Amino acid sequence: MNRIISFFLAVITFFSNLFAGGGSSKMLFRNDYTIPETPAGYSRIDTVPKTGWKAKYIWDSSDGSEENVWMCLRKTVDFSSAPGELKAYISADSRYWLYINGENVVFEGNVKRGPTPDDSYFDTVDIGPYLRSGKNVICALVWYWGKDTSFSNTDSGRAGFLFEAGDIISDSSWKACRHPAYLDDNGASQPNYRLPEFNIYYDARKDPGDWLSPGFDESAWKNAAENGTGGCAPWGRLFPRGIPLLKDYGLKDYINSDDYTGRTFLIKKVITLDIPYNAQCTPYLKVKSKAGKKIRIITENTWIGAVSDTYITKEGEQAFEALGWFNGEHISYEIPAGVKILELKYRETGYDTEFSGLFESKNEKLTALWQKSLRTLYVTMRDNFMDCPDRERAQWWGDVTNEMAMSMYSLDAKSYLLYQKGVASMLGHVDSTNVLQTVVPSTDSFFELPVQQLAGICGFWTYYMYTGDREFLSSVYDAGVNYVNLWNIGQNNLVEHRAGSWDWLDWGNFADVEAIENAWYYYALSCLDDMAGVLGKDSNDIRERMSRISAGYESLWTKNGYKSGGTVAPDDRANALAVISGLAGSDKYDVISSVLKSTKNSSPYMEYYVLEALCRMDRYDIAKSRMLQRYGSMIEENYSTLWEGWVKADGTSNHAWSGGPLVIMSKYFAGIRPVKAGYEEYIIKPQLTEPDTVKCVVPSVKGYISVTETKTDGAFTLDASLPEGARALIYVPCSDGQAVKLDGSVIYQSGSFTGSGGVSFVEQSEGFAVFSVRPARNLSLHFELAG
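Just so it is clear, the model here is predicted, and its values are computed rather than measured. (Residues numbered from 1 in each chain as written. Predicted model: local features only at pLDDT ≥ 70, side-chain atom pairs only at ≥ 80, totals over all residues. Heavy atoms only, no water.)

## Digging into the overall build of the protein
When helices and strands are counted, the protein shows 14 helices and 36 strands. Whereas a compact globule of 787 residues would reach a radius of gyration of roughly 28 Å, the protein reaches 28 Å, a difference of no more than 12%. Here the C-alpha coordinates of the protein stretch approximately 90 × 60 × 55 Å along the principal axes. Taking all 787 residues of the protein together, the buried fraction comes to 61%. For the protein, the share of sequence-separated contacts (at least 6 apart) that also reach a separation of at least 24 residues comes to 76%. For the protein, the computed accessible surface area is about 28500 Å², with 47% contributed by carbon and sulfur atoms. For the protein, the separation between the mean place of its 78 positive charges and that of its 98 negative charges on side chains is 3 Å. (Helix = DSSP H or I, 4+ residues; strand = E, 2+ residues; numbered from the N terminus. Rg over C-alpha atoms; globule rule 2.2 N^0.38 Å. Buried < 20%, exposed > 50% of the residue type's maximum accessible area, 1.4 Å probe, protein only. Contact = heavy atoms within 4.5 Å. Areas by Shrake-Rupley, 256 points an atom, 1.4 Å probe, with all protein chains shown as cover. Lys, Arg positive; Asp, Glu negative; His and termini not counted. Charge placed at Lys NZ, Arg CZ, Asp CG, Glu CD.)

Spelled out as structure tokens, the structure:
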């Protein structure tokens, strides 16, 4: 009966969310944030494993193979005086929470295992501020998962905890006790098989007491067992985690917490608590109850395979936080009869980065779509860029490539570390076959989706263009070349189809496999050729392959667009990729534009590339119209994140591969993008297809680039704030006979330019007057048309 109740609780919550707000909402979604005054500086992750460990892996006396075990560990240390900085190097299979003198130091430490198939990560934490003179008690709560199949974690096969801070090391002097209140959840609602995490099932009747307190009596606990020194098998070498520790936003009230505070229900009741946006969170409760009452906690995403929580009450007043995170906007508590609610809260945690970009338009739907894309991006970041935070939490490389591009326009440079970590893990999984794996780390068989890997190679070049990181380019080049060399080119000068582990191109309909695959292949070759130019590598073989594919692809051209023989009609994705890759010349743009205007086969994942192609062909009006039409339901939906597919019920409600419009709006509608790597040179080329005011902030590696662009009938103004040390090419829409003013003075009219303030005239081109400036310091400029 309990399984049936749990199942229907999930179903009811799903359908209430599915149909809630299905019509037009009164106010479209916006995130509430303030852009930091100064963006975080660029940095690279450390990929060198730590050696010389003194600490021992510890656990209790068991062999450590049992899955879903929570272990309590304690160590008492004395200091004659409080230390200043004291770095602790900590690792666990699988997660840990660290406390010193009862105060939380690390909330959910360690990242999922898998820098290589055999190795692990460690954290670096300054514990000095938490220590005092005299007696100190260090406690760790460690959660071992132990699943041997996962899409995001490589299980070592053995639980363990490692701690080293100067002379304080994990060893047999620590006390260990298996936490008796954490039990297995054998209910019907289990996490998706792709997740390494388990549901939380906590029986407070078995609670061991306040074991985190320095005064706790640990005399009944046994000494920990030592299981090898740091760096040993089965945990392997230990690499720096590379990314910041999680950001803890603290316990917060739900929007409607007050509606239930102090209430006691006469019968079992499901209540739903609301969060302002889709967030990664851990639910909290404080209640007064008789012992043995079961409280279930789920989200609107539980039905699709997310984790859920069960709490069994003890006698009296009690508080509990379920430490295994889930995500959602609507958290449902199943409250038994007779349980008095004292407090219901949630703790939001997430990747430590700042919302640092912006796009605003008078068209509120565009603004809402940009903001929803940002929220979707953030909820799919934690240990890695994920496809979704509920069903899989997996680092699919097609998703990662899109998410990286989104981060360049919306987040600070700390977010780039997550991409670097993912790339390092991918390279760490390359073996003698030279296959670049699509999901890393993973213990499942879906390890190569060829077109996602080709997209990933293109993403390497994108990352370089936005960061200027030549060292990164050097680290990925050989692996990229080795991968494209796995393809064979047939006598028809087209690649022989490579199916990989999963023969997948897109979720959309009517995919033209041959045309899509060859366009991706050519695009990857083109990016590798560009990389070779930067690195001084010989790319003759790459160019020969490009020449052959170019000749073969021309055979796919018809009067209606590119189409392979087995396809009924030209596909939007294939024709878009032909444009982006450079296979299609401008003489074909009119036909391809017609294809992209009328054909809508792509999923939200590939829609990003369709919109990119339209903008590269200067069909901004079609791009905007298509974007608003295809994303219309997601924009209007009373929900903060974007769906996996065009129909909400067809997949998850938070898939960042759908967030490509964020890039398109900042990059093309506002018109800000680098033309030389690392924003050494960039353009501001507004493309407002109708009267509008657009505000955009781009957190470039050179600093913030901010614009306000206003178009009215016959008039245009552009306010730009530019960072020092980078050359900006500023495009001001200007017809023949119109004058351009800079800060109130006419500087250009009818081909005549009067220099002003370090600004120089470049050219009159395609309806724009183009100006150049390289500020020696941060600079603000005001351009306007003078009639």
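That shown, we press on.
## As for the sheet that holds strand β36 (residues 779–785)
Read across the sheet, eight strands follow the order β22-β27-β28-β29-β36-β31-β32-β33 without closing on themselves; strand pairing throughout is antiparallel. Only two strands of the sheet have a single partner each, and these edge strands are β22 (358–361) and β33 (752–753). Here three bridges tie strand β31 (residues 739–742) to β36, and the two strands are oriented antiparallel to one another. From the neighbouring strand, Lys741 faces β36, where its bridge partner is Glu784. Against the sheet, helix α3 (residues 397–410) contacts β22 and β27 (692–700), and its axis sits at roughly 105° relative to β27. (Pairing = 2+ DSSP bridges. Axes fitted to C-alpha atoms, helices over the stretch in contact; angles between N-to-C directions.)

## Remarks on the environment of Gly585
Structurally, Gly585 can be placed in the loop between α9 (572–581) and α10 (589–598). A C-alpha to C-alpha distance of 54 Å links Gly585 and Thr51, two positions 534 residues apart in sequence.

## Notes on the packing of helix α4 (residues 416–428) against helix α5 (residues 450–467)
Running from N to C, α4 and α5 cross one another at 140°; their axes reach a closest spacing of 12 Å. In terms of orientation, α4 lies oblique with respect to α5. Where α4 crosses over α5, the handedness of that crossing is left-handed. Taken together, the residues of α5 that come into contact with α4 (itself represented by Tyr416, Tyr419, Gln420, Val423 and Met426) are Gln453, Gly456, Gly459, Phe460, Tyr463 and Thr467. Taken together, the residues of the contact of α4 with α5 break down into six nonpolar, five polar and no charged. (Parallel < 35°, antiparallel > 145°, perpendicular 65-115°, else oblique. Left-handed = near helix turned anticlockwise from the far one by under 90°. Nonpolar A, V, L, I, M, F, W, Y, C, P; charged D, E, K, R; others polar.)

## Points about helix α2 (residues 364–379)
Compared with an ideal rise of 1.5 Å per residue, which puts 16 residues at 22 Å, α2 spans 22 Å between its outermost C-alpha atoms and is within 8% of the ideal. A large share of α2 lies buried, amounting to 14 of its 16 residues. N-capping of α2 is provided by Asn363, with a side-chain oxygen placed 3.1 Å from the backbone N of Lys365. (Expected span 1.5 Å × (residues − 1). Polar contact = N/O pair within 3.5 Å; in protein donor to acceptor, adjacent residues only side chain to side chain.)

## Details of helix α12 (residues 620–630)
Every α-helix winds through 3.6 residues per turn, so residues three or four apart in the chain are directed the same way. Of all the residues in α12, the buried ones are Tyr620, Ile622, Ala623, Lys624, Arg626, Met627 and Arg630. Buried residues in α12 make contact with α2, α9, α10, α11 (604–616), α13 (632–636) and α14 (660–669).

## Structural notes on the sheet that holds strand β25 (residues 672–676)
Picture the strands of a sheet paired through backbone hydrogen bonds; they go either parallel or antiparallel. Taken in spatial order, the five strands make up an open sheet running β25-β26-β30-β35-β34, and their pairing is mixed. In this open sheet, the two strands that pair with only one neighbour each are β25 and β34 (760–765). Averaged over all adjacent pairs, the angle separating strand axes in this sheet is 25°, with direction ignored. As paired elements, β34 and strand β35 (residues 768–773) share five bridges and run antiparallel to each other. In the sheet register, Ser765 faces β35, and the bridge partner there is Phe768.

## Concerning the pattern of salt bridges
Per the counting criterion, the structure on display carries 43 salt bridges. In this structure, the salt-bridge partner of Arg194 is Glu392, at a minimum N-O distance of 3.7 Å. Of the two residues, Arg194 sits in the loop between β10 (175–178) and β11 (200–203) while Glu392 sits in the loop between α2 and α3, which places them 198 residues apart along the sequence. We note that Arg194, like Glu392, is buried. A salt bridge links Arg626 to Asp572, with the nearest nitrogen and oxygen atoms 2.9 Å apart. Of this pair, Arg626 sits in helix α12 while Asp572 sits in helix α9; the two residues are 54 residues apart in sequence, bridging distant segments of the chain. In this structure, Arg626 and Asp572 share a single accessibility class: buried. Several salt bridges share partner residues, and in doing so they unite Asp506, Asp571, Asp572, Arg573, Glu607, Arg626 and Arg630 into one network. (Salt bridge = Lys/Arg side-chain N within 4 Å of Asp/Glu carboxyl O.)

## Quick look at unusual backbone geometry
Note the cis peptide between Ala233 and Pro234, where omega equals 5°. Along the polypeptide, Pro234 turns up in the loop between β13 (225–229) and β14 (238–240). Cis geometry marks the peptide bond from Val440 to Pro441; its omega dihedral reads -10°. Mapped onto the fold, Pro441 is located in the loop between α4 and α5. Located in the positive-phi region is Asp618, a residue other than glycine, with phi close to 65°. Note that Asp618 resides in the loop between α11 and α12.

## Some points on the side chain of Lys345
Looking at where Lys345 falls in the secondary structure, it is placed in strand β21 (residues 340–350). The class for Lys345 is buried, based on a relative accessible area of 17%. When neighbours within four sequence positions are excluded, Lys345 is seen to be in contact with Leu251, Lys252, Asp253, Tyr254, Pro283, Tyr284 and Tyr333.

## A word on the packing of aromatic side chains
According to the stated counting rule, one finds 59 aromatic pairs in the structure shown. Plain terms: the ring middles of Trp97 and Phe107 are 6.3 Å apart, the flat faces sit at 90° to each other, and that makes the pair edge-to-face. Pair noted here: Trp97 is in strand β4 (residues 95–100) and Phe107 is in strand β5 (residues 103–109), with a separation of 10 residues, a long-range link. As far as burial versus exposure is concerned, Trp97 and Phe107 are alike and both buried. (Phe/Tyr/Trp six-rings, centres within 6.5 Å; stacked < 30°, edge-to-face > 60°.)

## Looking at the packing of α9 against α11
Two elements in contact, α9 and α11, have axes separated by 8 Å at closest approach and are oriented at 50°. In terms of their interaxial angle, α9 and α11 are classed as oblique. For the crossing formed where α9 meets α11, the hand is left-handed. Contacts between α9 and α11 pair Asp572, Arg573, Ala576, Leu577, Val579 and Ile580 from the former with Met606, Tyr609, Val610, Glu612, Ala613 and Arg616 from the latter.

## Looking at the pairing of strand β29 (residues 715–722)
Because side chains alternate across β29, one face comprises the buried residues Phe716, Leu718, Ala720 and Leu722, and the other comprises Ala715, Thr717, Asp719 and Ser721, none of which is buried. With seven bridges connecting them, strand β28 (residues 703–712) and β29 associate as antiparallel partners. Paired with Ser706 across the strands is Ser721, a residue of β29. Linking two consecutive strands that pair antiparallel, namely β28 and β29, is a turn of two residues; a positive phi of about 80° is found at Gly714 within it. Alignment of β29 against β36, held across six bridges, turns out to be antiparallel. In the sheet register, Leu718 faces β36, and the bridge partner there is Phe783.

## Let's talk about the confidence of the model for the protein
Counting all residues, the mean pLDDT for the protein is 95, and 96% of those residues have values of 70 or more. Across residues 1–25 the pLDDT falls below 50, and counting only partners more than four positions away or on other chains, this stretch makes 37 contacts in the model. (pLDDT = per-residue confidence, 0-100.)

## Here's the deal with the environment of Ala233
Among the secondary structure elements, Ala233 is positioned in the loop between β13 and β14. Between the C-alpha atom of Ala233 and that of Asp444, which follows or precedes it by 211 residues, the distance is 22 Å.

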